[in-house]
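Spelled out, the chains give:
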Number of protein chains: 4
Amino acid sequence: MSKVNVNKVVVAYSGGLDTSVIIPWLKENYGCEVVAFVADVGQGADELVGVEEKALASGASECYVVDLKEEMVKDYIYPTLKTGAYYEGKYLLGTSMARPIIAKAQVEVARKVGADALAHGCTGKGNDQVRFEGAFAALAPDLHVIAPWREWDLVSREECLDYLAERNIPCTASLTKIYSRDANAWHISTEGGVLESTWNAPNDDCWAWTTDPEKAPNEAEYLTIKVEKGEVVALNGKELSPYEALIALNEVGAKHGIGRIDIVENRLVGMKSRGCYETPGGTIMMEALRAVEQLVLDKTSFEFREELGIKASQLVYDGRWFTPLCKSIMAAAESLAEDVNGEVVIKLYKGQATATQKRSDNSLYSEEFATFGADDVYDQSHAGGFIRLYSLASRIRSLNAAKK
Amino acid sequence: MSKVNVNKVVVAYSGGLDTSVIIPWLKENYGCEVVAFVADVGQGADELVGVEEKALASGASECYVVDLKEEMVKDYIYPTLKTGAYYEGKYLLGTSMARPIIAKAQVEVARKVGADALAHGCTGKGNDQVRFEGAFAALAPDLHVIAPWREWDLVSREECLDYLAERNIPCTASLTKIYSRDANAWHISTEGGVLESTWNAPNDDCWAWTTDPEKAPNEAEYLTIKVEKGEVVALNGKELSPYEALIALNEVGAKHGIGRIDIVENRLVGMKSRGCYETPGGTIMMEALRAVEQLVLDKTSFEFREELGIKASQLVYDGRWFTPLCKSIMAAAESLAEDVNGEVVIKLYKGQATATQKRSDNSLYSEEFATFGADDVYDQSHAGGFIRLYSLASRIRSLNAAKK
Amino acid sequence: MSKVNVNKVVVAYSGGLDTSVIIPWLKENYGCEVVAFVADVGQGADELVGVEEKALASGASECYVVDLKEEMVKDYIYPTLKTGAYYEGKYLLGTSMARPIIAKAQVEVARKVGADALAHGCTGKGNDQVRFEGAFAALAPDLHVIAPWREWDLVSREECLDYLAERNIPCTASLTKIYSRDANAWHISTEGGVLESTWNAPNDDCWAWTTDPEKAPNEAEYLTIKVEKGEVVALNGKELSPYEALIALNEVGAKHGIGRIDIVENRLVGMKSRGCYETPGGTIMMEALRAVEQLVLDKTSFEFREELGIKASQLVYDGRWFTPLCKSIMAAAESLAEDVNGEVVIKLYKGQATATQKRSDNSLYSEEFATFGADDVYDQSHAGGFIRLYSLASRIRSLNAAKK
Amino acid sequence: MSKVNVNKVVVAYSGGLDTSVIIPWLKENYGCEVVAFVADVGQGADELVGVEEKALASGASECYVVDLKEEMVKDYIYPTLKTGAYYEGKYLLGTSMARPIIAKAQVEVARKVGADALAHGCTGKGNDQVRFEGAFAALAPDLHVIAPWREWDLVSREECLDYLAERNIPCTASLTKIYSRDANAWHISTEGGVLESTWNAPNDDCWAWTTDPEKAPNEAEYLTIKVEKGEVVALNGKELSPYEALIALNEVGAKHGIGRIDIVENRLVGMKSRGCYETPGGTIMMEALRAVEQLVLDKTSFEFREELGIKASQLVYDGRWFTPLCKSIMAAAESLAEDVNGEVVIKLYKGQATATQKRSDNSLYSEEFATFGADDVYDQSHAGGFIRLYSLASRIRSLNAAKK
């Protein structure tokens, strides 16, 4: 395949080994200027400190670091949470939700610096390439997309390190790296190493953020969470921004070993992969939101919200964020979340977050209706008529069968 | 409402206060012979010992006790589990799954004794009346249905006890009963008392079967479970029948505090109720089955199985067991479960059952595909074409917008 | 059942026999003042001329006639059309969509006149009672609802006529009435008579509005319809309001025999009924909107819109208009309709409306992509990679099976 | 891309220009033996007469013609019809349903002749390449797949004709061919030519099988169709095999101009295409099956069958026939179809097939229930209770709102 002609490319840069190689590789193979773009999505100081210097040392002409933390929680995470999305019943979509906002900010940098191409460091086997390029197709179909991992012939960390060494580009990356990890404010994922066999249990070192539940405090801890329109707005009486709330819940959740999952999932590209994900704060948030929903959503609304959750989980996982379908699904979930106000007490204990108390001004639960005694709103004699009509088709069908 | 003319009625009898009152009440109000029917669905010896004597002492002409335990697990629970049904995301449908098999056996007794009516002891506010009468409509539309709770004017335990005392019918029921409970081999449910306010956490005495996770063993325990066609067939190397497997898992699960939920749910009859459910063995079974599914089901099959789970949970909860729709949904799930064979290790620890190891001859997971390195089946260069076509509509849409 | 205490009731009055009886019946049985409310939903001058006089002559203290025609098309019909709803694959929901707006306006009159009750003339076997009372429950749960047909013992037209004659209330209704009909601007429905046997074909007199296709013009007629955001905004170059467009399309559609259906449908109350519906303008509108959607909606959006159509058809038919679920579904459809702009030519010929030409600035169809020849956006070589990944799970599954 | 090493390839051969070129091209480019495989799926004598000679003259070592007509209708078309699948609301999937059975038979020939590769003549822009290769992946993942249209550089009919002329391979294909067509017993599709602009109406010559409705008989014709388990088993009193029934209905349907559609559809590969499809017999079959369903399926079953139709339409269109999901969906539809027995009279008139009469021993329609008068099964007073419970959540929600 002949290379396209490119003048200036903006690369999604992390400071890790892969993207450090990508900068010189792009310059050499495309003869173009390379601008580094670093998204601050809460991956932590470890990855951000000195990242600009690293980028320049690797040959970038400029480096933009953009803080996306509040926007990510507000505009990407909450709309997803309102749908109740768990990918394949378990995964809280931590990596998936971060990709569209990173891609969008990267396009904005490209427009600003007048770039004609975009590059990313995702491999050819994963979902992230689809998420980046799906967003690019929707937001900047005129820009070229370069995916070095699908083009070059480097196939090991050793070759990548050699590549940098040959060019005297400083790099602190180690030769061996057991696990492949991705972190943002919402979660950290861990793949590879011992996890490559599904018959291996995760090792202790598979878990990066959370305390082992067996070593978590022996005393339970209780949180009071206030929810408005499907979003956490206060913790233990203190109002917090979306990102602040997440960080605070991450801290207390991690202490109690909350939010670990170990899953074999279907990638979009047709294969399965196995990963360990830690989402301490997010797991608590979901427990709180679902608890308020229990009070507020009627039966048919609840069922539809569950269906939206399945659909949204697929769309977000599959990199379909910037599509009319995703927008439509989110509009439906937003509408249902309008009533989702209330207060929840969550118990944290050795890996479990459990809503133990809940209340809401919009609660459809009523002590009077649910218990014995005559009342105005519910009359038991209504039930006979209800059941009769409810099962009428069964009755007719059965009477038909008896006639034959 | 004038009473229908009835000669012989079969009543679903539990030995509890309500159904003990129902027997004389039916005789007095309908002038008919009353046959007691007791379903043994694993509710335990407490409820079954001496139940026949009690029924006869209350005035029943006969009492049939029918063992439905194996049949319930095999023909009612497993078909439901294969759909992955959790009602409103949480509830494992313990009461719901037992009702249709009880109703079916009750109809069989009615046919045997030549009865012309069926009676049950469900209140007019709950789901169970719909489940019984929905089954009756499908299986015996020619038989009259009597629901004493919707007819009589007894409104308290005290009145019920007085009713029996006036007739010299012996009864050991206590005047006060804090909680309303229902048990079978699959679960025990608890409602009422402190649970009536959703702002109250459950008390210790809300939980009947399971150890409090805080008091459960400090050492985790590991089980090896063998799954075939979506059913548990062996535990720690020992082959077990469906019911035996459930009982064995109940015991070990209860010890570790597994399977507690506390939920506010939407009843079919339009109101919400709050209940605590304990399903220790069932929770472990679900974890095992879902773990094998992770290995075996492809992406689109997994998504459909999740949709089937939502649909089945509604049908089973709503008493729609004996309907063409339920049969159709179960046929779809049965088809998907054909490949669900494998082995799972489950860790039990302080309230949590977690699959830590899993393998299957039908696994679509492959270490080779998921990791680096060239291979025959997956070629990274394919991904570029995939993504291009996958996002083509987004690209065209965006190009259109740019033209305006 | 003892009657509730009522001072003033607003009755949904049509001027027909049933509601003419209801006015005196309410006065006699509830000892209350009766206010008549007539909704003008385009049912036609026949039913509206002199309706106020009739109501007063029947004993109403006042009569309110409210014009709801434009609002009905704009706020009830269009939101439904955007979902693509056909009940059970065929029925365009003519009666169903009118009920919520009538009920809402009736509640407004009740608030205005200080009434404490609402009454309607629907029978106890149909869907309309549920639609009215479902709306009342959502909008005015504090008002009593009286459904005379479920209370009184009148069971024939003859008895109703006698009832009026005994009270010297003038009535021009005939003793026999073959068909039961309901009309509004959107459609007219016909039930009863020969239609009661599904083995009878509809008679000529079953159809009230439309020309028999066999007698329709032998020459086809062509209309050019402009669509914006999923709504018809112009016909043959002339801008029209929603109601005007419907009326214009009704006229030309009826001439060509468009929009007849004959269906056996499932009522909400558990039985089936058979009806003939005529929706000439609506059928043309649906053809136009669906044609633009073909150009504009991508594959996954189209599929979701079809699912929304099924869900919305159930909700609207079942009288669930004023529910959070209906609002959520409509929000999703509204979002998808944002791009649905374009122009369509519709051919009308002997009962069929067929889109023969269509175009849109938002069209995702491109001659270049669809035909031969190299192009920038679509490269055939991409397809190989796409297919490989798309069928990867099938390949792995099959390779697994071969190993056994 | 270097060519794989192939000894013997089985090519899906039609006798048309493309596949005539493919035979010598495969021999020259892969140096392999080429076996021609012709599927008789009812495409007609025009394409089949002399096809074996043509194949051998083009250089094939052998030619297998396999009759798949009955099997196609019985095992591919009927399972799809039972789901009620219309792709994007309109298309009866004629080409889509034929591909898996052709691919399966092609694999069987490959096994018989010991081939190590499979080839097809589909272009790189269409759906058929995915359908063939999806089936190959599921049935023969060990065989190489060659898609010449994605490999060679021939881009026009002229180049194809030159290619054959240079090799002295006789060919009767014309230089210009306005439309691209595909036919089998179920339908004929037409693409290209004037249809390439969506603003062009189809020409007369776009339609190949059916009479123009405007030129169809002025007299309607009536058919009596007997349906068993969702399949047509007799026409006008005469029992017919599945294929015979289809052929008979095609003939009478074509005469009356039945089954034309003109659609812009979403291809799986991301672009839209426009086609005219003629499915005369199939359209009548669908009308008959849906008519019996109206009598037999209860409300919730009908709704689920509609959902199955959407899902199946996507799976079949997308080449997912041999997948666990497709098997599961078909199992669900098969289950629902068990009751779909009955008789229907269909009126054919100028392009429309309309069920005018229908009856079934399994009909849930009952004249008695649907009309006035007291009866045992339906008591109007039940409706009050039904509605009260049905709208209870709305009532509570509204009462809540009033409190604020």
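Conventions adopted
- Along each chain, the written sequence defines residue order, and numbers are assigned to residues from 1.
- To label them, take the chains in the order written and letter them from A, then take the ligands in the order written and number them from 1.
- Predicted model: local features are reported for residues with pLDDT of at least 70 only, side-chain atom pairs are reported and counted for 80 or more only, and whole-chain, interface and lining totals are derived from all residues.
- Side-chain numbers here rest on the full set of heavy atoms in the structure, without hydrogens or water.
- UniProt positions are given in the numbering used here, feature names are shortened, and annotations may be inferred rather than shown by experiment.
- A least-squares fit on C-alpha atoms brings the copies together, and the residues used are those whose pLDDT is at least 70 in both copies.
- Whether two residues are in contact is decided by their heavy atoms, any of which lying within 4.5 Å being enough.
- Put simply, two rings from Phe, Tyr or Trp (the six-membered ring, in Trp's case) pair if the centres are within 6.5 Å, and we call them stacked under 30 degrees between planes, edge-to-face over 60, tilted for the rest.
- Numbering of helices and strands runs from the N terminus; a helix is a DSSP stretch of H or I covering at least four residues, while a strand is a stretch of E covering at least two.
- Throughout this description, buried means an accessible area under 20% of the type-specific maximum (1.4 Å probe, protein chains only), exposed means over 50%, and partly exposed covers the range between.
- Both a distance and an angle decide whether a charge sits over a ring: NZ of Lys or CZ of Arg must be within 6 Å of the ring centre and within 35 degrees of the ring normal.
- Note on terms: buried area is the combined drop in 1.4 Å-probe accessible area of two parts once they are placed together, counting the loss on both.
- Salt bridge criterion: a side-chain nitrogen from Lys or Arg within 4 Å of a carboxyl oxygen from Asp or Glu.
- For the purposes of these results, a polar contact is taken to be a pair of N or O atoms within 3.5 Å, where, inside protein, one atom must be able to donate a hydrogen and its partner to accept one; residues adjacent in sequence count only when each atom of the pair is a side-chain atom.
- Amino acids are sorted into nonpolar (Ala, Val, Leu, Ile, Met, Phe, Trp, Tyr, Cys and Pro), charged (Asp, Glu, Lys and Arg) and polar (every other residue, Gly among them).
- Two strands qualify as a pair provided DSSP detects at least 2 bridges between them.
- To qualify as a nonpolar core, a set must consist of buried Ala, Val, Leu, Ile, Met, Phe, Trp, Tyr and Cys residues joined through side-chain atoms within 4.5 Å.
- Boundaries of every domain are those given by an automatic assignment or by a domain database.
- Every axis corresponds to a line fitted to the C-alpha atoms, with the helix fit spanning only the stretch in contact, and the corresponding angles, defined between N-to-C directions, vary from 0 to 180 degrees.

- For chain A, the name recorded in an unreviewed UniProt entry is Argininosuccinate synthase, with Vibrio eleionomae as its organism.
- Regarding chain A, the UniProt comment filed under Subcellular location (unreviewed entry) reads as follows: "Cytoplasm".
- Quoted straight from UniProt, the Sequence similarities (unreviewed entry) entry for chain A says "Belongs to the argininosuccinate synthase family. Type 1 subfamily."

1. Here we look at the relation of the copies chain D and chain C
Then, in step 1: Least-squares fitting of chain D to chain C yields an RMSD of 0.0 Å, with the transformation described by 0.0 Å of translation along the axis and a rotation of 180°. In short, the pair behaves as if placed about a two-fold rotation axis.
Then, in step 2: Mapped onto chain C, 99% of the interface residues of chain D are again interface residues, and the two copies thus contact each other with one and the same surface.

2. Considerations on the packing of aromatic side chains
Then, in step 1: Considering all chains together, one arrives at 38 aromatic pairs over all chains under this definition.
Then, in step 2: With a centroid separation of 5.6 Å and an interplanar angle of 85°, the aromatic rings of Trp25 of chain D and Trp152 of chain D are classed as edge-to-face. Residue Trp25 of chain D is located in helix α1 (residues 17-30), and its partner Trp152 of chain D is located in the loop between α7 (148-151) and α8 (157-166); the two are separated by 127 residues in the primary sequence. Across the pair, exposure class does not vary: Trp25 of chain D and Trp152 of chain D are buried alike.
Then, in step 3: Through successive ring pairs, a cluster of aromatic residues spans Trp25, Tyr30, Trp149 and Trp152 of chain A.
Then, in step 4: Taking the ring centre of Tyr163 of chain B as reference, the NZ or CZ of Arg167 of chain B above it sits at 3.5 Å.
Then, in step 5: Lying over the aromatic face of Tyr390 of chain D, Arg320 of chain C brings its terminal NZ or CZ to 3.8 Å of the ring centre.

3. Some words on the relation of the copies chain B and chain A
Relating the two copies of this chain is a rotation about some axis coupled with a shift parallel to it.
Then, in step 1: Once turned by 180° and shifted 0.0 Å along the axis, chain B lies on chain A with an RMSD of 0.0 Å.
Then, in step 2: A share of 100% of the interface residues of chain B reappears at the interface of chain A, consistent with the copies meeting face to face through the same patch.

4. Description of the interface of chain D and chain C
Then, in step 1: Each side of the interface is counted separately: chain D has 97 residues, and chain C has 96 residues.
Then, in step 2: Summed over both sides, the interface between chain D and chain C buries roughly 8600 Å², with carbon and sulfur atoms accounting for 55% of that surface.
Then, in step 3: It is Trp199, Lys299 and Tyr390 of chain D in chain D that bury the most area against chain C; as a group they hold 10% of the surface buried on that side.
Then, in step 4: Summed over the shared surface of chain D and chain C, the number is four salt bridges.
Then, in step 5: As a salt-bridge pair, Lys347 of chain D and Glu214 of chain C come within 2.7 Å of each other at their nearest N and O atoms.
Then, in step 6: At the junction of chain D with chain C, the criterion picks out 36 residue pairs in polar contact (both at pLDDT 80 or more).
Then, in step 7: In terms of residues, the side of chain D that touches chain C owes the most to one element, helix α11 (residues 299-317) of chain D, which gives eight residues.
Then, in step 8: Class assignment for the residues of the side of chain D that touches chain C results in 43 nonpolar, 24 polar and 30 charged.

5. Considerations on the pairing of strand β8 (residues 221-228) of chain A
Residues and elements named next belong to chain A.
Then, in step 1: Pairing of β8 with strand β13 (residues 342-349), which is carried by seven bridges, proceeds in the antiparallel orientation. Its bridge partner being in β13, Thr224 is matched across the sheet by Val345.
Then, in step 2: Bridge count for β8 against strand β9 (residues 231-235) is four bridges, and the pairing is antiparallel. Paired with Val227 across the strands is Val232, a residue of β9.
Then, in step 3: Hairpin connection of β8 to β9: two residues between the antiparallel strands, including Lys229 at a positive phi of 45°.

6. Structural notes on the nonpolar core
Then, in step 1: With 174 residues, the main nonpolar core has Ile225 and Ile284 of chain A together with Ile225 and Ile284 of chain C as its most contacted residues.
Then, in step 2: Those residues within four positions of Ile284 of chain C in sequence are excluded, and the remaining contacts are Leu223, Ile225, Leu249, Val252, Gly253, Ile258, Ile346, Leu348 and Ala353 of chain C.

7. Some remarks on the domain arrangement of chain A
All names here are of chain A.
Then, in step 1: Splitting chain A by domain gives domain 1 (8-167) and domain 2 (180-297 + 340-359).
Then, in step 2: Each of domain 1 and domain 2 has a C-alpha centre, and these two points are 26 Å apart.
Then, in step 3: Each side of the interface is counted separately: domain 1 has 30 residues, and domain 2 has 35 residues.
Then, in step 4: With both chains or domains summed, domain 1 and domain 2 bury close to 2700 Å², and 62% of this area falls on carbon and sulfur atoms.
Then, in step 5: The tally of links between domain 1 and domain 2 comes to 15 residue pairs in polar contact (both at pLDDT 80 or more).
Then, in step 6: Those elements that place two or more of their residues in the side of domain 1 that touches domain 2 are α4 (69-83), α5 (94-113) and α6 (128-139).
Then, in step 7: It is α4 that contributes the most residues to the side of domain 1 that touches domain 2, nine residues altogether.
Then, in step 8: Counted by class, the side of domain 1 that touches domain 2 contains 14 nonpolar, eight polar and eight charged residues.

8. Description of the sheet that holds strand β12 (residues 272-278) of chain B
Backbone-to-backbone hydrogen bonds join strands into a sheet, with any given pair of strands oriented parallel or antiparallel.
Residues and elements named next belong to chain B.
Then, in step 1: A sheet is described by the order of its strands in space; here four strands give the open sequence β6-β7-β12-β11, paired in antiparallel fashion. Each edge of the sheet is formed by a strand with only one pairing partner; in this case those strands are β6 (180-183) and β11 (260-266). Direction aside, the axes of adjacent strands within the sheet are offset by 25° on average.
Then, in step 2: Pairing analysis gives three bridges linking strand β7 (residues 188-191) to β12, with the strands arranged antiparallel. Bridge assignment links Ile188 to a residue of β12, and that residue is Glu278.

9. Focus: the interface of chain B and chain A
Then, in step 1: Taken residue by residue, the interface counts 96 residues in chain B and 96 residues in chain A.
Then, in step 2: Both sides together, the interface formed by chain B and chain A hides about 8700 Å², and carbon and sulfur atoms give 55% of it.
Then, in step 3: A per-residue breakdown of the area chain B buries against chain A is headed by Trp199, Lys299 and Tyr390 of chain B, which together make up 10% of the total.
Then, in step 4: Inspection of the region where chain B meets chain A yields four salt bridges.
Then, in step 5: Applying the counting criterion to the chain B and chain A interface returns 36 residue pairs in polar contact (both at pLDDT 80 or more).
Then, in step 6: In the side of chain B that touches chain A, the residues fall into 42 nonpolar, 24 polar and 30 charged.

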